[in-house]
Every structure is written in structure tokens, then in C-alpha cells.
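Structure assessment
Single-letter residue listing:
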Amino acid sequence: MEEKKEALVPELEELLYKFTELLTGEATPERVEMVKVWCLYTHMSKAMPPLVQHWASEPQHQDARNQIREIIEQIKSWNQAKNQKH
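What this report covers is the structure whose coordinates are included nearby. (Residues numbered from 1 in each chain as written. Predicted model: local features only at pLDDT ≥ 70, side-chain atom pairs only at ≥ 80, totals over all residues. Heavy atoms only, no water.)

Quick look at the nonpolar core now. One finds Leu16, Leu23, Val32, Met34, Val35, Ile71, Ile75 and Trp78 forming the largest nonpolar core, which totals eight residues. For this core, the secondary structure elements donating two or more residues are helix H1 (10-24), helix H2 (29-47) and helix H4 (62-85). Beyond its immediate sequence surroundings of up to four residues, Ile75 is in contact with Leu23, Thr24, Met34, Val35 and Trp38. Counting residues in hydrophobic clusters, the runner-up holds five residues, among them Tyr41, Ala56, Ile68 and Ile72. (Core = buried A, V, L, I, M, F, W, Y, C linked by side-chain atoms within 4.5 Å. Buried < 20%, exposed > 50% of the residue type's maximum accessible area, 1.4 Å probe, protein only. Helix = DSSP H or I, 4+ residues; strand = E, 2+ residues; numbered from the N terminus. Contact = heavy atoms within 4.5 Å.)

In C-alpha cells, the structure reads:
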């Protein structure tokens, strides 16, 4: 059985849920995880572009890279749909 980890900084988790809600229109656990991936990957690609480029160029990472791209596109889509409602 998998044990749920307690958040290192619970307040940051609350902030992440609110950020996800404002970004995508809804803060489901799946969306929060997707936003975590998006935030981390975006930050890494800006902080250390050569590292991310090298990682993404490796054949064994192509599936992960494609999955991250899909996540980014889905978040953009949710954000655009949310913004069109307002």
C-alpha cells in the first residue's frame, strides 16, 4: 500500500492549488500534478537551457519530452478556455 507523503511546506501546496485553479479554471489533483511538471520544466529550461536541451535530445527521453509537451499544450488549452469565459 502506498503511503501519502506529507508536504514539506503545506502552505506552498495550498498556493499551488490556488495557482492551478486560477491558471486552468479547476484544481483537481491531476491538474495540480500537471502544473507542477509545467512549472518545474519551464523553470529548468530557463535556468539551465543547455542541460534541458541535452536531456531532451537523448533518444531515451523522447517519450518523456513528448509527454511534457502534451502537458504544456493541455495547460495552455485550459487557460485559454478559462480566459474566454471571462
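Pairing is possible between side chains of opposite charge, provided their charged atoms come close. Taken as a whole and judged by the stated rule, the model has five salt bridges. Between Glu13 and Lys36 there is a salt bridge, with its nearest N and O atoms 3.7 Å apart. Highlighted residues: Glu13 in helix H1 and Lys36 in helix H2, separated in sequence by 23 residues. Residue classification places Glu13 among the partly exposed residues on the basis of a relative accessible area of 27%. Notably, a salt bridge pairs Arg31 with Glu26, separated by 3.8 Å at the nearest N-O pair. With a relative accessible area of 12%, Arg31 lands in the buried category. Under the relative-accessibility criterion, Glu26 is labelled partly exposed at 41%. (Salt bridge = Lys/Arg side-chain N within 4 Å of Asp/Glu carboxyl O.)

All quantities given are derived from atomic positions and should not be read as evidence of function.
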